[in-house]
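# Coordinate analysis (summary)
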There are 2 protein chains.
Amino acid sequence: MALKLSTRGEYGLRAMFDLAQRYGEGPISLKSVAERQDISEHYLEQLFASLRKAGLVRSVRGAQGGYTLAREPREIKVGEIIRVLEGPIAPMDCVSEEEGEGTCCARAETCVARTIWEKVRDSIAGVLDSITLEDMVEEAHKLQSKDKYMYYI
Amino acid sequence: MALKLSTRGEYGLRAMFDLAQRYGEGPISLKSVAERQDISEHYLEQLFASLRKAGLVRSVRGAQGGYTLAREPREIKVGEIIRVLEGPIAPMDCVSEEEGEGTCCARAETCVARTIWEKVRDSIAGVLDSITLEDMVEEAHKLQSKDKYMYYI
DNA sequence: ACAATACCCGAGTGAATTGCTAAGATATAA
DNA sequence: TTATATCTTAGCAATTCACTCGGGTATTGT
């Protein structure tokens, strides 16, 4: 499978979507997220450590504690979540979004391939940065009402 | 690094580009490709076994043998090469380009994420399928003449 | 005939990554 | 003070990656 994401991105996005669906309800415990999304709670804790350090979620410790989105769902792009959990988007080291772009292209012909990797990178980033958590919540509502509609035909 | 390609795709594309630059000159030995592209010859052999079985290159055995592109450079898309060497393009198992799409989406909300992975997949495929080996050879010529132009300023 | 060349094939392997689990420390509400 | 949560570090089995090793087979020039 080419250009695959790891479970960090997959689980992390699912969990953040879960928080977005409950935005405004106060802190949500990882235990409940883990149960709904069928993900290991301990593993989720690790992902949320990254998300918290990146400023995407806020934590409340102690009983009745949990996590909330640090911003409104429409202010959080899917691309941000993926970058925090998986690192900069880059099909190849030499076209990483990070500043220190590494040393490649000692050979001239490498650069021809490089322009391809740049296009791939930008098209991926374009998709992920065009979708917010709010978009996902809205989409989920649409899918639900569509199901209902189908049912009554 | 998110959504990274392995060296199979990287080396394979470089090697196929090398053959494209020498298209019409008869069989090119892997040894020469490996030297020019600075890739292990044995490793390249493995990649070309896949490329040959997929019908992208033809082999000529024995002394003075080597590999040639099975089609003209403009008839070979970068996406084909990547798929042969890395498998179907799929940021997630459940949105693979292959027929047997696997079992995901037992949960409804998964499908919201799924539409995102589908968009990512299609945007990647769109880029890779829009570029042929001929495009790369032309691009290499442009880069060369640009260098020359810069030099004489 | 016989080297030399080059493709063909399968097994193995060390290093890195992945996807967790285990064990505990710390903070807060009831 | 107890139950509930977040935090933190360490470890680990399984898989994947990027090759290497050791052959075999086909073809060409001498």
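Residues numbered from 1 in each chain as written. Chains lettered and ligands numbered in written order. Predicted model: local features only at pLDDT ≥ 70, side-chain atom pairs only at ≥ 80, totals over all residues. Heavy atoms only, no water.

### What to know about the pattern of salt bridges
Applied cut-off: Note on definitions: salt bridges are taken to be side-chain nitrogens of Lys or Arg within 4 Å of carboxyl oxygens of Asp or Glu. In this text, helices come from DSSP runs of H or I with a minimum length of four residues, and strands from runs of E with a minimum of two, each type numbered from the N-terminal end. Between buried and exposed lies partly exposed: a residue is buried under 20% and exposed over 50% of the maximum accessible area for its type, with that area taken using a 1.4 Å probe on protein chains only.
One pass over the structure, following the stated rule, counts 22 salt bridges over all chains. The closest approach of N and O atoms between Arg-83 of chain B and Asp-129 of chain B, which form a salt bridge, is 2.8 Å. Taken as a pair, Arg-83 of chain B in helix α4 (residues 78-86) and Asp-129 of chain B in the loop between α5 (110-128) and α6 (133-152) lie far apart in primary sequence, 46 residues in all. In this structure Arg-83 of chain B comes out as partly exposed when scored by relative accessible area, which is 23%. Taken together, the salt bridges that share partners define one network made up of Asp-18, Arg-22 and Arg-36 of chain A.

### A look at the protein's contact with DNA strand D
Our working definition: Definition of nearness: a residue and a molecule or strand are near each other if at least one heavy atom of the residue lies within 4 Å of the molecule or strand. Under this definition, polar contacts are N or O atom pairs within 3.5 Å; protein pairs additionally need one hydrogen-donor-capable and one acceptor-capable atom, and for neighbouring residues in sequence, both atoms have to be side-chain atoms. Charged means Asp, Glu, Lys or Arg here, nonpolar means Ala, Val, Leu, Ile, Met, Phe, Trp, Tyr, Cys or Pro, and polar covers whatever is left, Gly included.
Around DNA strand D lies a shell of 23 residues, among which Leu-30, Ser-59 and Tyr-67 of chain A together with Ser-40 and Gln-46 of chain B are the nearest. Considering the 4 Å shell around the protein, atoms of DNA strand D inside it are sugar or phosphate in 64% of instances. The side chain of Tyr-67 of chain A places a nitrogen or oxygen atom 2.3 Å from a phosphate oxygen of DNA strand D. Note that a base oxygen of DNA strand D is positioned 3.2 Å from one of the backbone N or O atoms of Ala-63 of chain B. Of all the elements in the fold, those that place two or more residues in the surface near DNA strand D are α3 (41-53), β1 (57-60) and β2 (66-69) of chain A together with α1 (7-21) and α3 (41-53) of chain B. Class assignment of the residues belonging to the surface near DNA strand D gives a composition of 8 nonpolar, 11 polar and 4 charged.

### As for the nonpolar core
As a reminder, the rule being used: As used here, the term nonpolar core means buried Ala, Val, Leu, Ile, Met, Phe, Trp, Tyr and Cys residues forming a set that is joined through side-chain atoms within 4.5 Å. Residue contacts are counted whenever heavy atoms from the two residues lie within 4.5 Å of one another.
Residues Met-136 of chain A together with Met-136 of chain B are the most contacted members of the largest nonpolar core, which totals 90 residues. Those residues in contact with Met-136 of chain B that sit more than four places away from it in its chain are Val-112, Ala-113 and Ile-116 of chain A together with Leu-13, Phe-17, Val-78 and Ile-131 of chain B.

### What to know about the interface of chain A and chain B
Quick reminder of the rule: Buried area adds together the accessible area that both of two parts lose upon being put together, with accessible area traced by a 1.4 Å probe.
Taken together, the contact between chain A and chain B spans 45 residues of the former and 44 residues of the latter. With both sides pooled, the region where chain A packs onto chain B buries about 3,900 Å², and carbon together with sulfur makes up 72% of that total. The largest per-residue losses of area from chain A upon contact with chain B belong to Met-1, Leu-3 and Val-112 of chain A, which jointly make up 16% of the total buried on that side. The interface formed by chain A and chain B contains 2 salt bridges. A salt bridge links Lys-4 of chain B to Asp-93 of chain A, with the shortest nitrogen-to-oxygen separation between them at 3.3 Å. Where the side of chain A that touches chain B is concerned, the elements lending two or more residues are α1 (7-21), α2 (30-37), α4 (78-86), α5 (110-128) and α6 (133-152) of chain A. In terms of residues, the side of chain A that touches chain B owes the most to one element, α5 of chain A, which gives 13 residues. Taken together, the residues of the side of chain A that touches chain B sort by class into 26 nonpolar, 7 polar and 12 charged.

### Here's the deal with unusual backbone geometry
Here the phi dihedral of Leu-3 of chain A falls at roughly 60°; this positive angle occurs in a residue that is not glycine. Take Leu-3 of chain A: it is sitting in the segment before α1.

### Section: α4 of chain B
The cut-off we apply is this: Directions pointing from the helix axis toward each C-beta atom define the arc.
Those residues of α4 of chain B that fall on the buried side of the exposure criterion are Val-78, Gly-79, Ile-81, Ile-82, Leu-85 and Glu-86 of chain B. Looking straight down α4 of chain B, one finds that the buried residues subtend no more than 160° of arc, so they occupy a single side.

### Focus: the relation of the copies chain A and chain B
For the record, the criterion: Here the copies are matched by least squares. The fit uses the C-alpha atoms of residues with pLDDT of at least 70 in both.
Under the fitted operation, chain A is carried onto chain B by 0.0 Å of movement along the axis and a turn of 180°, and the coordinates agree to an RMSD of 0.0 Å. Look at the turn and shift together and you get a two-fold axis relating the two. If distances are taken from each C-alpha of chain A to the rotation axis, the shortest is found for Leu-3 of chain A, at 2.2 Å. An overlap of 98% is found between the interface residues of chain A and their copies at the interface of chain B, pointing to a shared contact surface.

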